[in-house]
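Each chain, written out:
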Amino acid sequence: MKCEVELYEHAIRSAHCATQIEMEALEEAITLSWKSLTVKAPAPPSSLMERFVKKQESTPCQRNRTILNGVSGSVCPGQMIAIVGSSGAGKTTLLNVLARQNTARLKVSGFIHVNGKNIGNRIKDISAYVQQEEFFIGTLTVKEHLTFQAMLRMGNRYTTAHKLKRVNLVLREMGLRKCAHTVIGIPGRLKGISGGEKTRLSFASEILTNPSVLFVDEPTTGLDAFMAEMVVKVLQDMAMSGRTILCTIHQPSSQIFNMFGSLLLLAEGQTAYLGATSDALAYFQRLGYACPENYNPADFYVHALAIVPGREDECKLRVKEICDTFNLHSQTSTASNEIGHHNCDESEMEFTVKEGSGFKASLFSQLCLLLWRSWLIQSRDPSLLRIKFLQSIFVALLMGLIYFDIADDEHRLQNISGVLFFVCINNTLINMFAVIQTFPSEMPVMLREHGSRLYRIELYYLTKHLSDLPVVVFQTFIYSIVIYWMVGLQQSMDKFLVFYGVLITIANIALGCGYIVSAVAPNVSVGLAIGPLFVIPMMVFGGHVVNIESIPVYFYWISYVSWFYYGFEVLSVNEWAGVTGGNCPFNTVIGCRPNGTGALKFFALKESNYYRDLGILVALLIGAKVIGLILLKIRVYRHENHS
């Protein structure tokens, strides 16, 4: 047994070394430069009255807030630059603009070049962006999440074995091996990995592909000193292999700060210093700002460039002098090392912008991986499956006991119609409200992954429905078989199959409507509030609560799109067609045993509509799913173009 363990550990070490060799090669060395970069953002008024007044009186300049003002600089291959500044200095905005992320509402002017070329949004194809916010599917394990990311991010250029090796390497580098098979967790619902482990997992997701350019927004926030140092060490190793790395950093220790070879100081949206970290203290000392002994340099720079409340004018004047001095020196300096200013020779570096859809994995791979993840989410939800099945069984048994073996008397019509309409309602509510929370809870993850071009929205939406289908089929079967035979509906397998088929169709329509609500609801609470408003009108005009012939003309159109109406009519025809022997006159079924013709006549239902209703139910099913997809795509489009 001991020998087997040693052989296994040796195999893991060998795979680790092989993976490092395979993944360290870079196709292209990237120099990222920016010049005269100015960024303005709209400043929305805080009230409707202010909005109206400012719209009437303010000028465009007054309505815009300057975040970055004429910032210039460059980062060469092999450099890891720390972007440091006080809160509001423009650190994250600079990172977003350079990475072409979250800039839809910003007004950007200036130049951004990759090896001397303006490639626009295609920078996303050669870079990765580790954002500060952590969004995950909480029911996946750490390794499953990274496997999903690797399969889609690395595309078809690598074999599956290479991708899995890369996952194992990243797990080891980021210290995640011990929690590789632990679920990520859902706050308040499902216990998972720690906050520090989530931060490292967010970082690990982006470095899977060893990108040429890496943008990192405050990677050490929330980590202890050891793990923060380990994360920066990984960045350091990546830079040494030729990557270009830009990293905003918040309150680093002096040890971590000194691990960055280059430093960019921002203050009030301007560059206060850009150059070697080791030269920064001497530069500030020449300006008359000496760092105290045994003082963290990072804290010193932030304090020197901060705007202190109550001393705004004095601080802004000091910041302006520092920034103006740097700009003057950077323009007149003849030696690039006079203030540590970067001077990369971009003309010697070749760079090719590759054409393509931007999706690295094939459509089939996207479909399979999304279906795999959707099924994991569906099967691992700690409460949803259990509640849905228990609810179905409980309600079926309850209704079966209430209507157990309905007697063939004058009350049969009321009882049978009540059962048939109730199963339409119950199948709608169970399935519709089970998925309303889906998009609001997964939207942040989906938007980020789609923004990274991992998969198409259409495939994401399709796999949601495909993963729901087995559960709906099985759940509806249990529900149908219990209630059908306990109530004592017509003892015919053909009629039972029609009953079961109609309920499955209604369940899928309800799922489609649930996804429609989910696609437009900004959060779960709003979705749960909208749901009843969507269902109640359909239910009221479904043919049982109000007689079809009694519906006011201005509401009649609702019955045409009500799946309750078509489902109730098909189920009623399925149950009553061919029933004879009742003692009721043709025009009434009150106070006597009903026959099939009289029962259908009482509710203004027609046997001739049977196949029409089945066709319309299928059309409503397709229509609901298509509308849900359209609304989801509109929401994603609006986010990507207006966020």
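Residues numbered from 1 in each chain as written. Predicted model: local features only at pLDDT ≥ 70, side-chain atom pairs only at ≥ 80, totals over all residues. Heavy atoms only, no water.

Before going further, it helps to spend a moment on the sheet that holds strand β1 (residues 32-42). The strands that make up a sheet are held in pairs by hydrogen bonds between backbone atoms, and each pair lies either parallel or antiparallel. As summarised here, the arrangement of the 3 strands in space is β2-β1-β4, forming an open sheet in which the pairing is antiparallel. Edge positions in the sheet fall to β2 (64-75) and β4 (107-114), since each of these pairs with one other strand and no more. Along the sheet, successive strands turn relative to each other by an average axial angle of 15°, direction set aside. (Pairing = 2+ DSSP bridges. Helix = DSSP H or I, 4+ residues; strand = E, 2+ residues; numbered from the N terminus. Axes fitted to C-alpha atoms, helices over the stretch in contact; angles between N-to-C directions.)

This part takes up the sheet that holds strand β9 (residues 270-276). Pairing within the open sheet is mixed, and its 6 strands lie in the order β5-β6-β7-β3-β8-β9. If you trace the sheet from one side to the other, it starts and ends with β5 (127-130) and β9, each paired once. Averaged over all neighbouring strand pairs, the angle between strand axes comes to 15°, with direction disregarded. With 4 bridges connecting them, strand β3 (residues 80-84) and strand β7 (residues 244-248) associate as parallel partners. Looking at β7, one finds that I83 is bridged to T248. Together, β3, β5, β6 (213-217), β7 and β8 (262-267) form the strand contacts of helix α4 (residues 91-99), whose direction differs from that of β6 by roughly 150°. (Contact = heavy atoms within 4.5 Å.)

Relative to the helices and strands, M486 is located in helix α17 (residues 457-487). Counting along the chain gives 81 residues from M486 to D405, while the straight-line C-alpha distance between them is 6.1 Å. Contact partners of M486, with chain neighbours within four places excluded, come to L397, G400, L401, Y403, F404 and D405.

Moving on, we come to the pattern of salt bridges. Here the structure, examined in full by the defined rule, presents 9 salt bridges. Here K233 ties to D237 by a salt bridge, and the two come within 2.8 Å at their closest N and O atoms. On the criterion of helical spacing, the pair formed by K233 and D237 is a turn pair, its members being 4 residues apart in helix α8 (residues 225-240). Looking at K233, the relative accessible area reads 38%, which means it is partly exposed. Owing to a relative accessible area of 38%, D237 belongs among the partly exposed residues under this scheme. Residues E314 and R311 are paired through a salt bridge, measuring 3.1 Å at the closest nitrogen-oxygen approach. What you see here is one network of salt bridges that share partners, running through E569, R612 and D613. (Salt bridge = Lys/Arg side-chain N within 4 Å of Asp/Glu carboxyl O. Buried < 20%, exposed > 50% of the residue type's maximum accessible area, 1.4 Å probe, protein only.)

With that out of the way, let us pick up the pairing of β9. Buried residues dominate β9, accounting for 6 of its 7 residues. As judged from the 6 bridges shared by β8 and β9, these two strands associate in the antiparallel manner. Counted as the bridge partner of L264 is L274 from β9. Two successive antiparallel strands, β8 and β9, enclose a turn made up of 2 residues, where E268 displays a positive phi of approximately 55°.

A cluster of nonpolar side chains, contributed by V553, Y554, F555, W557, Y560 and V561, occupies part of the molecular surface with about 700 Å² of accessible area. Note on V561: relative accessible area 35%, which makes it partly exposed. (Patch = residues over 30% accessible without salt bridge, like charges linked within 9 Å, V, L, I, M, F, W, Y side chains within 5 Å. Areas by Shrake-Rupley, 256 points an atom, 1.4 Å probe, with all protein chains shown as cover.)

On to the pairing of β6, then. With 5 of 5 residues buried, β6 is to be regarded as a mostly interior element. Alternating positions in β6 separate into two faces, V213, F215 and D217 on one and L214 and V216 on the other, with burial throughout. The pairing of β5 with β6 spans 4 bridges and is parallel. When the sheet's bridge partners are listed, A128 is paired in β6 with L214.

A few words on the nonpolar core. Grouped together as the largest cluster of nonpolar side chains are 90 residues, with contacts concentrated most on W34, F203, L214, F215 and L246. If you tally residues by element for this core, the top one is α8, at 9 residues. Sequence-distant contacts of L246, defined by excluding residues within four places in its chain, comprise L32, W34, V75, I81, I83, L95, L98, V213, L214, F215 and V216. (Core = buried A, V, L, I, M, F, W, Y, C linked by side-chain atoms within 4.5 Å.)

For the rest of this paragraph, the subject is the environment of E206. Its place among the elements puts E206 in helix α7 (residues 195-207). For E206, a relative accessible area of 7% puts it in the buried group. It is 6.1 Å that separates the C-alpha atoms of E206 and V130, two residues lying 76 residues apart in sequence. Filtering out sequence-adjacent residues up to four positions away, E206 remains in contact with A128, Y129, V130, R153 and P211.

Turning our eyes to something else, we now look at the packing of helix α18 (residues 493-520) against helix α21 (residues 563-576). Packing of α18 against α21 brings their axes to within 10 Å, and their N-to-C directions diverge by 175°. With respect to α21, the axis of α18 lies roughly antiparallel. Each of K495, V498, F499, V502, L503, I506, I509 and C513 in α18 lies in contact with α21, whose residues at this interface are W563, G567, V570, L571 and N574. (Parallel < 35°, antiparallel > 145°, perpendicular 65-115°, else oblique.)

On to α21, then. Counted at 1.5 Å a residue, the expected span for α21 with its 14 residues is 20 Å, and the 20 Å between its end C-alpha atoms agrees. Within α21, 14 of the 14 residues are buried, which leaves it mostly tucked inside the rest of the structure. (Expected span 1.5 Å × (residues − 1).)

This part takes up the confidence of the model for the chain. Looking at the chain, pLDDT values average 80 and 83% of them are 70 or higher. Element-level pLDDT for the chain is lowest in helix α1 (residues 2-24), with a mean of 39, against a maximum mean of 93 in α18. Counted against residues more than four places away or in other chains, residues 345-356, with its pLDDT under 50, gives 24 contacts. (pLDDT = per-residue confidence, 0-100.)

Right, let's talk about the packing of helix α15 (residues 412-435) against α21 for a bit. Contact geometry for α15 and α21: axes closest at 10 Å, N-to-C directions at 140°. Viewed along their axes, α15 and α21 adopt a mutual orientation that is oblique. Handedness of the crossing formed by α15 with α21: right-handed. Across the interface between the two elements, R412, L413, I416, S417, L420, F421, V423, C424, I425 and T428 from α15 touch W563, F564, G567, F568, L571, S572, E575 and W576 from α21. Classifying every residue of the contact of α15 with α21 gives 12 nonpolar, 4 polar and 2 charged. (Left-handed = near helix turned anticlockwise from the far one by under 90°. Nonpolar A, V, L, I, M, F, W, Y, C, P; charged D, E, K, R; others polar.)

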